[in-house]
Each structure stands twice: as structure tokens, then as C-alpha cells.
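Chain and residue survey
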Amino acid sequence: MKLTRRQFIAATGALGAGAATSAIAQPTSPLPFLITTQNGPLLPRAGGKRVVVCGGGWGGITAAKHLKKNDPTLEVILLERNPVFFSCPMSNKWLIDVVDSDYLTWSYLPIAQKHDYRFIQTEVVAFEREHKRVITAQGWIDYDYLIIGAGIRYHYEAWFGNDRKAAEHARAHFPAAYIPNAEHYALKQGIRNFKGGDLVMTLPPPPHRCPPSPYERACLIAWHIKTHGIKGRITILDPKDSPKPITEGFKEAFATLYKDQITYVPNAVITEVDPFNRKIRTKAGDFRFDHGILMAPHQAGDMAWKAGAIGRNAEGKATGWADVDPVFLNLRDDRDVYVIGDAVGAVSPQFNFYPKAGHVANYQGRIVARYIADRVAGKTPRAALPDNLCFMMVNASPREDIAVRFRYHLDDKGTIIQEQIDDNLRRDDLVTEDFQWASRMFEDMFT
Ligand SMILES: Cc1cc2nc3c(=O)[nH]c(=O)nc-3n(C[C@H](O)[C@H](O)[C@H](O)COP(=O)(O)OP(=O)(O)OC[C@H]3O[C@@H](n4cnc5c(N)ncnc54)[C@H](O)[C@@H]3O)c2cc1C
């Protein structure tokens, strides 16, 4: 007798929970099977050591692919809250239409299928490291090794304490757009609608995501204002004493290209922000503004906090950044948990933090994928360090970039040493290199 699909489902359902031979999962809750909750398992084990990667940004997406390349027997699962990848690198150029949205946006599924890892779009809500388990909005998942690529969070508490209303007002009306989300689109719309007035841009104190990029953003918005004959001015409030890195290149661009559009204020350490009345107090004076790009201080992203990965200083205060072994990038108190990318804490007494750059996150994703594959194979991982390369567009017609390169090595005491080379002379061949760099990165992450 041939059964219809409906009859087949009814028949197998009628076998009851004791039917060990049935391949059909039996319902254990009143909810349909695929409606998941935080209390249920997210995914059965597939065999092989399991690596869960939390965060599909520059670090996590790279790690997932390279884990499978290094050891195809690994079960790799990437957990990410966003439906698509949106690149912060190159996004300043997108603000003024040098590149379009397609250029920055990548799909997670094809790359996961190609390299045979699982991509699950979900929110990571907690970690139970004692059980080697990640809790997501859709269920829990256990791991043998964990990689956290948490990115950053905005530390609005430094400005507003527990005043959530002020923090939300600042975020909604004067978005920083330093984390891929709705803020980027709001900022782009704001630039398009800008009819003039005082635009204030606050820079976070170091360390923060992509140190030179706020100056690039200021230059490109200034270019837009200048090109469209808008009577507006950007005031950069920088807590540092000069733009860093690529100091001379940015200073020259401000003075030569944007003398009528940019006011650069050094040592502008913020003491008070009033987002409702558009006033800012700093150690270099007080400012009122019509428009704002208010960048609060940065810290490691929420997942690093939830994982209990944040370090403490000598007074027992949270450092805001993950406490990792500087070379092997595992948590100091948990060898099976790695942190990569911007969330990583200080790694060297010489320079403190790696530049919080996509280039570094990508490199660390590859490095940690190698470390884990070696450990699974019973080998001792060999120490590896990243490098960093960063191009910044300061002029959009003609297109001109400046650049900075960082190299790292271990000295004979095992300390990581940094060498920084600024390329201050703005020119078009650096623009070509900039786009070549981005192509190489996107290719490594998404093909
Ligand atoms: C304007 C701008 C320009 C830049 N330009 C450059 C450049 O030219 N070169 C360069 O090298 N770098 C640049 N950067 C820096 C670069 O974007 C970051 O250094 C890089 O994104 C860091 O990678 P990451 O993996 O640490 O974090 P991210 O790329 O931010 O990835 C973190 C991921 O975790 C996800 N996530 C966070 N919390 C959760 C949760 N609870 N559950 C699930 N998922 C979660 C996020 O959605 C995100 O996808 C720039 C940044 C900005 C803002």
C-alpha cells in the first residue's frame, strides 16, 4: 500500500516516544519542533571536535573558514546576530558614494556551504564556560573549543552613568556608526540631508576601533560639504594631542584641502555631554552643535563581557577588554576559549593594544584556526603574530589616500614589539592599493 505524506506523518507520529527505530524526532514540548527556546539544544553533535565561533565579523568569519580548511573533520558552527555581513572598512567611502551598498554587503550562507560549516543567525545571550556551553536565543550549544569575535560596544556609561534615556537619545539622534547596524544608514541619510551648520564629531579615547578612520570620515564629509558648496563646518574633538596615526598626512589634508570645512581641536577630553541641548564640555572648551557624530568610548563587545572574559586592573576594576595570552589569544584562565579581533586586551607593554582593525581581526582568525587545528592534531601550536595595513582616503576628487603599516615581532624576552610606518604623502596609487587590499580581504573571508 502506498501512503500519502499526510498518512505517513500520522503513522510515524502514532508510534509513540518508545519507538527507538523511528527516524522522526518526537515532540517533547507543546511547541512545534523547529520553534526553539533558550532551554533546548540548538544542534545535535555531528561527530568530530566541535568549534563554536561567536560573531561573524572580520575575525569570526575568517576563523570559521580557516578552521575547516585546516581540518575538514572539525564541526564548525558560526553564530551571528545579523542576517548579512556589512563591512565597516570602506564604509566611509560608501557614505559619500565612492562605493555602493553591494560592495560592502556579503551573504553568510554561500561561504558556509562552500566550506562546509554551519552558519546560524541568532543572538548569543550567555556563556556557561563551566559546562562548555553557549546559550543562544534559539537554544544552547556545547563546544570543545570556543572562539569569540565580539567586536566592540559603545561605553555610553562613561558619559551618562546609568541614564539610559540620554544614551539612547545620543545613539538615535547622533549615531556613531562604528558598529554595522541601522546607524550607518542614518548617518548616510544625515549627510545627504545636511544643509549647513556646525557638525561636531567626538573621537573616543584610545584604544578604539580603527584609530585613523574618524579622521578619514571627517575628510570625506568635508569633501562632500566643499563639493556641494554647503555652508557647514566639522569640528573634530580629539582627546589626543594630534591625529594619530598618520599624523602629518591628516594635518596636511585638514590644512590644505579643508581649511574652510574642518576645525581640529586637540586635547578635547570630554567632561560632559548633553545630547538633549546639543552641548559638549571638554578640557579644550565648550561646544554647541547643530549636528553630531557622537562617538562614546569603546569597549569589547557584549559577548566578551557575558563570557567573563574581561580583564581587571590592579585595583580590580574592569579593563573593558578581554584578558588573553598575548601570543596564543586564549583566555588566561581558559585554554579552550579564544578571543580575536577588536575585543582583545593589551598585548604588549611597548604599545599596549593591537590597532583595532579588520586586517588584524582577519589575521587573528587565521592564526587561531591554525592553533586549534594543531591542538586537535596533537601538535604544539607555533606562535604567530599578525601585521596591519590601513589605507585612508582623504580626498575624493582627485582620489587620494594616505596609509599606515604596522609590523610585529617577538623580542628575546617574548615581548611583542611594534614597528609603525606612516605614509603621509597623499596620492592616487595608494587608492589603487586600498581597493586591492579590500578585494584580498573580502576574497579571503567570502570565497
Ligand atoms: C568607519 C570604519 C572604518 C574602518 N576602516 C578599516 C580599515 O580601513 N581597515 C581595517 O583593517 N579596519 C577598519 N575598520 C575596523 C574594523 O571594522 C574592525 O576592526 C573589525 O570589524 C573588527 O573585527 P571583529 O571581528 O573584532 O569585530 P566585528 O567585525 O565587529 O564582528 C563582531 C561580530 O559579532 C556579532 N555579534 C556581537 N554580539 C553578538 C551577539 N550577542 N550575538 C551574536 N552576534 C553578535 C556582530 O554582529 C558582528 O558581526 C574600520 C571600522 C570603521 C567603523
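Calculation criteria
Residues numbered from 1 in each chain as written. Predicted model: local features only at pLDDT ≥ 70, side-chain atom pairs only at ≥ 80, totals over all residues. Heavy atoms only, no water. Helix = DSSP H or I, 4+ residues; strand = E, 2+ residues; numbered from the N terminus. Rg over C-alpha atoms; globule rule 2.2 N^0.38 Å. Buried < 20%, exposed > 50% of the residue type's maximum accessible area, 1.4 Å probe, protein only. Contact = heavy atoms within 4.5 Å. Polar contact = N/O pair within 3.5 Å; in protein donor to acceptor, adjacent residues only side chain to side chain. pLDDT = per-residue confidence, 0-100. Salt bridge = Lys/Arg side-chain N within 4 Å of Asp/Glu carboxyl O. Near = heavy atom within 4 Å. Areas by Shrake-Rupley, 256 points an atom, 1.4 Å probe, with all protein chains shown as cover. Nonpolar A, V, L, I, M, F, W, Y, C, P; charged D, E, K, R; others polar. Domains from an automatic or database assignment. Phe/Tyr/Trp six-rings, centres within 6.5 Å; stacked < 30°, edge-to-face > 60°. Lys NZ or Arg CZ within 6 Å of the ring centre and 35° of its normal. Buried area = accessible area lost by both parts, 1.4 Å probe.

Across its full length, the protein chain holds 13 helices and 25 strands. Taking 2.2 N^0.38 as the reference for a compact globule, 447 residues should give roughly 22 Å; the C-alpha atoms of the protein chain span a radius of gyration of 24 Å, in line with that estimate. In the protein chain, buried positions account for 53% of the 447 residues. For the protein chain, restricting intrachain contacts to residue pairs at least 6 apart in sequence, the fraction spanning at least 24 positions comes to 68%.

Turning next to the side chain of Arg129. Checked against the element boundaries, Arg129 lands in the loop between strand E6 (124–128) and strand E7 (133–136). On the accessibility criterion, Arg129 (17% relative accessible area) is buried. At 3.2 Å, the side chain of Arg129 and the backbone oxygen of Gly308 are in polar contact.

This paragraph deals with the confidence of the model for the protein chain. Of all residues in the protein chain, 94% attain a pLDDT of 70 or more, and the chain-wide mean is 93. The model gives residues 1–22 a pLDDT under 50, and that stretch makes eight contacts with residues more than four places away or in other chains.

Another aspect to go through is the environment of Arg233. Position of Arg233 relative to the elements: it lies in strand E12 (residues 232–237). Counting along the chain gives 27 residues from Arg233 to Asp260, while the straight-line C-alpha distance between them is 7.3 Å. From its side chain, Arg233 meets the backbone oxygen of Ile262 in a polar contact 3.1 Å long. At a separation of 2.6 Å, a polar atom in the side chain of Arg233 contacts the side chain of Thr263.

A separate point is the pattern of salt bridges. Scanning all chains against the criterion turns up 33 salt bridges. A salt bridge links Arg81 to Asp302; its shortest N-O distance comes to 3.3 Å. With Arg81 in the loop between strand E2 (75–80) and strand E3 (84–86) and Asp302 in helix H11 (residues 302–306), this residue pair connects regions lying 221 residues apart in the sequence. Take Arg81: its relative accessible area is 45%, and that puts it in the partly exposed class. Residue Arg192 pairs with Asp97 through a salt bridge whose shortest N-O separation is 3.6 Å. Here Asp97 lies in the loop between helix H3 (91–95) and helix H4 (101–104) and Arg192 lies in helix H8 (residues 182–193), a separation of 95 residues in the sequence. Take Arg192: its relative accessible area is 46%, and that puts it in the partly exposed class. Under the relative-accessibility criterion, Asp97 is labelled partly exposed at 46%. Through salt bridges with shared partners, a single ionic network connects Arg45, Arg50, Glu75, Asp142 and Asp144.

Our next topic: the site of the ligand. If you check the shell around the ligand, you find 35 residues, and the closest are Gly59, Glu80, Val124, Arg209 and Asp342. A distance of 2.8 Å separates an oxygen atom of the ligand from a polar backbone atom of Gly59. Calculation on the ligand without its partners gives an accessible area of 990 Å², and the protein chains cover 96% of this total. Among the secondary structure elements, those contributing two or more residues to the shell around the ligand are helix H2 (58–70), H3, helix H9 (213–227), H11, helix H12 (358–376) and strand E23 (388–396). Of the residues forming the shell around the ligand, the biggest block, three residues, is contributed by H12. Grouping the constituent residues of the shell around the ligand by class yields 13 nonpolar, 14 polar and eight charged. Two domains each put at least three residues into the shell around the ligand: domain 1 (34–151 + 301–384) and domain 2 (157–297).

Further remarks concern the packing of aromatic side chains. Counted according to the given criterion, the structure contains 27 aromatic pairs. Note on Tyr154 and Tyr156: the rings are 5.7 Å apart at their centroids and 65° apart in plane angle, and the pair reads as edge-to-face. Take Tyr154 and Tyr156: they sit in the same class, and that class is buried. A connected cluster of aromatic rings, assembled from ring pairs, spans Trp58, Phe85, Tyr103, Trp106, Tyr108, Phe119, Phe435, Trp437, Phe442 and Phe446. Above the ring of Trp321, the side-chain terminus of Lys356 is found at 4.1 Å from the ring centroid. If you follow Arg366 out to its NZ or CZ, it ends over the ring of Tyr363, 4.8 Å from the centre.

As a further point, take the domain arrangement of the protein chain. According to the domain assignment, the protein chain consists of domain 1 (34–151 + 301–384) and domain 2 (157–297). The gap between the C-alpha centroids of domain 1 and domain 2 is 30 Å. Facing 16 residues of domain 1, the contacting portion of domain 2 comprises 20 residues. In total, about 1700 Å² of surface goes out of reach between domain 1 and domain 2, with carbon and sulfur atoms giving 62% of it. Interface area lost by domain 1 to domain 2 is led by Asn92, Leu95 and Ile96, which between them contribute 37%. Inspection of the region where domain 1 meets domain 2 yields four salt bridges. There are eight residue pairs in polar contact (both at pLDDT 80 or more) connecting domain 1 and domain 2. Top element by residues in the side of domain 1 that touches domain 2 is H3. It accounts for five residues. Here the residues of the side of domain 1 that touches domain 2 are counted per class, giving seven nonpolar, five polar and four charged.

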